[in-house]
Amino acid sequence: MTELKPIFVLNGPNLNRLGKREPEIYGHTTLAEVEAMCRSAAGTRPLRFHQSNIEGEIINWIHEAIDDGAAGIVINPAAFTFTSIAILDALKQFPGPIIELHISNIHRREAIYHNSLVSKVATAVIAGLGPEGYDVAVLAMTGHLLRGK
Ligand code: CA2
């Protein structure tokens, strides 16, 4: 049987604070609990889960996903969503599906959260489901990969 390629779940700045601050916006679930949720949703498919407050580290993980032939990328770029042409350029080089994920519904928030650069290369965008959005995103990714799209 051929080995399943991994899904990468990448998280941007401040998401290491999840469950500890602003629960009214981001919920009570910690990032460790989000990771466990993603691993369970991925089933037997390997999953590489990372978070960084440093833009270059996220870019390096996108390069790793490209070089290792990852099956798909789920990414919550947090504030880099709206600022990082470098992350956009890195994602453009990834040939597989990309799901952009936000815990909050960015479109209901202040105007600074409305113009995602990452959406320009995303296969799909999920926003506003709270931390459970990660579960939905990984399940959507595995289904998408099974259908071979
Ligand atoms: O809703 C999301 O997932 C966001 O990507 C979160 C970003 C925000 O800049 C995006 O517009 C929407 C901010 C992440 C901040 O994470 C925190 C987590 C816990 C406590 C405080 C901040």
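Structure first, text after, so check above.
As a convention, each chain's residues are numbered from 1 in the sequence order in which they are written. Two thresholds apply to this predicted model, a pLDDT of at least 70 for residue-level local features and 80 or more for giving and counting side-chain atom pairs, whereas whole-chain, interface and lining totals are computed over all residues. Note that water and hydrogens are dropped before the side-chain values are worked out from all heavy atoms of the structure.

## A look at the packing of aromatic side chains
The description of two aromatic rings rests on the distance between their centres and on the angle between their planes. Any Phe, Tyr or Trp ring, taking Trp's six-membered ring, that has another such ring centre within 6.5 Å forms a pair; planes under 30 degrees apart are called stacked, those over 60 apart edge-to-face, and the others tilted. For the structure shown, the criterion picks out 1 aromatic pair. Consider the rings of Phe82 and Tyr113, whose centres lie 5.7 Å apart with planes at 70 degrees: the pair is edge-to-face. In this pair, Phe82 is assigned in the loop between strand E3 (72–76) and helix H4 (85–92) and Tyr113 in the loop between strand E4 (98–102) and strand E5 (124–127), connecting sequence segments 31 residues apart. Phe82 sits in the buried class, given a relative accessible area of 18%. Throughout this description, buried means an accessible area under 20% of the type-specific maximum (1.4 Å probe, protein chains only), exposed means over 50%, and partly exposed covers the range between. Relative accessible area serves as the criterion here: at 22%, Tyr113 is assigned to the partly exposed category. A helix here means a DSSP run of H or I that spans at least four residues, while a strand means a run of E at least two residues long, and both kinds are numbered starting from the N terminus.

## Some points on the pattern of salt bridges
Salt bridges are defined as contacts in which a side-chain nitrogen from Lys or Arg sits within 4 Å of a carboxyl oxygen from Asp or Glu. Tallied over the entire structure, the rule returns 3 salt bridges. When the shortest N-O distance is used, the salt bridge between Glu35 and Arg39 registers 2.8 Å. On the criterion of helical spacing, the pair formed by Glu35 and Arg39 is a turn pair, its members being 4 residues apart in helix H2 (residues 31–42). Judged by relative accessible area, Arg39 falls into the partly exposed class, the value being 37%.

## Describing the side chain of Ser116
By the element assignment, Ser116 lies in the loop between E4 and E5. Among the residues examined, Ser116 registers a relative accessible area of 7% and is labelled buried. A polar side-chain atom of Ser116 sits 3.2 Å from the main-chain amide nitrogen of Val118. Between N or O atoms, a polar contact is any pair within 3.5 Å; within protein, one atom must be a potential hydrogen donor and the other a potential acceptor, and residues adjacent in sequence are included only when both atoms are from side chains. At a separation of 2.9 Å, a polar atom in the side chain of Ser116 contacts the main-chain amide nitrogen of Ser119. Aside from chain neighbours lying at most four places away, what touches Ser116 is Thr81, Phe82 and Glu100. For this analysis, residues touch if any pair of their heavy atoms sits within 4.5 Å.

## Quick look at the packing of helix H3 (residues 55–67) against H4
Axes here mean lines fitted to C-alpha atoms, for a helix over just the part in contact, with angles spanning 0 to 180 degrees between N-to-C directions. Two elements in contact, H3 and H4, have axes separated by 9 Å at closest approach and are oriented at 5 degrees. When the axis of H3 is compared with that of H4, the two are roughly parallel. Residues Glu55, Ile58, Ile59, Ile62, His63 and Ile66 of H3 lie in contact with H4, whose contacting residues are Ala86, Ile87, Ala90 and Leu91. Residue type decides the class: Asp, Glu, Lys and Arg count as charged, Ala, Val, Leu, Ile, Met, Phe, Trp, Tyr, Cys and Pro as nonpolar, and the leftover types, Gly among them, as polar. For the contact of H3 with H4, the class distribution of residues is 8 nonpolar, 1 polar and 1 charged. Angular relationships are summarised with four words: roughly parallel below 35 degrees, roughly antiparallel beyond 145, roughly perpendicular across 65 to 115, and oblique for the angles in between.

## As for the sheet that holds E4
Any two strands with at least two DSSP bridges between them are considered paired. Within the open sheet, the 5 strands sit side by side as E2-E1-E3-E4-E5. Their pairing is parallel. Each having just a single partner strand, strand E2 (47–51) and E5 make up the two edges of the open sheet. Put simply, the sheet's adjacent strands are angled 15 degrees from each other on average, direction ignored. Strand direction decides the pairing type here: E4 and E5, joined by 4 bridges, are parallel. Bridging from a neighbouring strand, Ile99 pairs with Ala124 of E5. The sheet contacts of H2 involve strand E1 (7–11) and E2, and relative to E2 the element is tilted by about 160 degrees. Strands E1, E2, E3, E4 and E5 of the sheet are contacted by helix H5 (residues 132–146), whose axis makes an angle of about 170 degrees with E4.

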